[in-house]
Each structure stands twice: as structure tokens, then as C-alpha cells.
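Each chain, written out:
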Amino acid sequence: MKKYLVTLMIACSALFVLSGCVVSEEKLSDKVQQSMVDYEKAQGNELEVTDLKLDKAEGKGYKGVLTGTLNGEAATYDVVVTDEGSDFDIDWEKR
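Everything numeric here is computed off the predicted structure, so don't read it as measured data.

Enquirer: Tell me what's going on with the sheet that holds strand β1 (residues 47-56), and back it up with residues and numbers.
Expert: On the basis of which strands lie adjacent, the open sheet formed by 4 strands has the order β1-β2-β3-β4 and antiparallel pairing. Single-partner strands in this sheet number two, and they are β1 and β4 (88-94). Between one strand and the next, the sheet's axes are offset by a mean angle of 25 degrees, whatever the strand orientation. Pairing of strand β3 (residues 73-83) with β4, which is carried by 7 bridges, proceeds in the antiparallel orientation. By the bridge assignment, V80 is partnered in β4 with D91.

What follows is the structure, given as C-alpha cells:
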């Protein structure tokens, strides 16, 4: 019985930790989108994001594709994000 309880506690802890990672990835995605929109706005452009898909890459990095409209025309960007915890670097290139 004791072994069962310990196993159950470990499983619950793992679920809690994994769900925490999902939230942080969602927050990272939101921050990336907002940073790109703000940058384009500063350049005199209007970027409306339709979708951003980020996949885990090596280490603390992510790679993905952002789709949306730039000044009313369809746009697709290749995005590379390096997550340093409280700070992150974003590189993107329009296809």
C-alpha cells in the first residue's frame, strides 16, 4: 500500500511539472507574437498574427512558423527563439 501511495504521489508531481511547462510555452508564444507585432509597428507596418507554432529545438531553443498578414498581404515567417528564462532572443525571416 505504501508503495502504491508513493507511486501515485510521483505521478501527480510529474503531471504538475509537465502542466507547468505547457503554460510557460504558451506564455513564450504570446511574448514572441507580441514582440514581432511591436517591432513591425515600430517599422510602420501592421502585422496581424493568425497562428504561431513553436516546436522545441536543441537546449532552450524553439523553432517554428508564424503565419498572418503584413499590411494586408499574407505573410509567413520562419521563427527561431532562444529562451533564457526571464529573457529571450527572437530571430525571424519572411519566406
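Following the structure, the description resumes.
Enquirer: Could you give an account of the side chain of S29, naming the residues involved and the relevant values?
Expert: Summarising the element assignment, S29 is placed in helix α1 (residues 2-42). Using a relative accessible area of 12% as the deciding quantity, one classes S29 as buried. The residues contacting S29, other than those within four sequence positions of it, are L52 and L54.

Enquirer: Explain the side chain of E40 to me, and be specific about the residues and the numbers.
Expert: Checked against the element boundaries, E40 lands in helix α1. Summary of buried charges: E40 has no salt-bridge partner, and the nearest side chain of opposite charge, K94, is 8.0 Å away. Beyond its immediate stretch of four places on either side in the chain, E40 contacts N45, L47, L70, Y77 and W92.

What counts as what
- Sequence positions are assigned chain by chain, starting from 1 and proceeding in written order.
- Residues qualify for local features only when their pLDDT is at least 70, as the model is predicted, and side-chain atom pairs are given and counted only at 80 or more; totals for whole chains, interfaces and linings, by contrast, use all residues.
- Side-chain measures here rest on the full set of heavy atoms in the structure, leaving out hydrogens and waters.
- Two strands form a pair only when DSSP identifies at least two bridges running between them.
- Secondary structure counts use DSSP, requiring at least four H or I residues in a row for a helix and at least two E residues in a row for a strand, with both numbered from the N terminus.
- For helices, the fitted axis covers only the stretch in contact; all axes are lines through C-alpha atoms, and the angles between them, taken along N-to-C directions, range from 0 to 180 degrees.
- Classification of residues uses two cut-offs on accessible area relative to the type maximum, computed with a 1.4 Å probe and protein chains only: under 20% is buried, over 50% is exposed, and between them is partly exposed.
- Residue contacts are counted whenever heavy atoms from the two residues lie within 4.5 Å of one another.
- Counted as positive: Lys and Arg. Counted as negative: Asp and Glu. His and the chain ends are not counted at all.
- Between Lys or Arg on one side and Asp or Glu on the other, a salt bridge is scored when a side-chain nitrogen of the former is within 4 Å of a carboxyl oxygen of the latter.

Keep in mind these numbers describe shape, not what the thing actually does.
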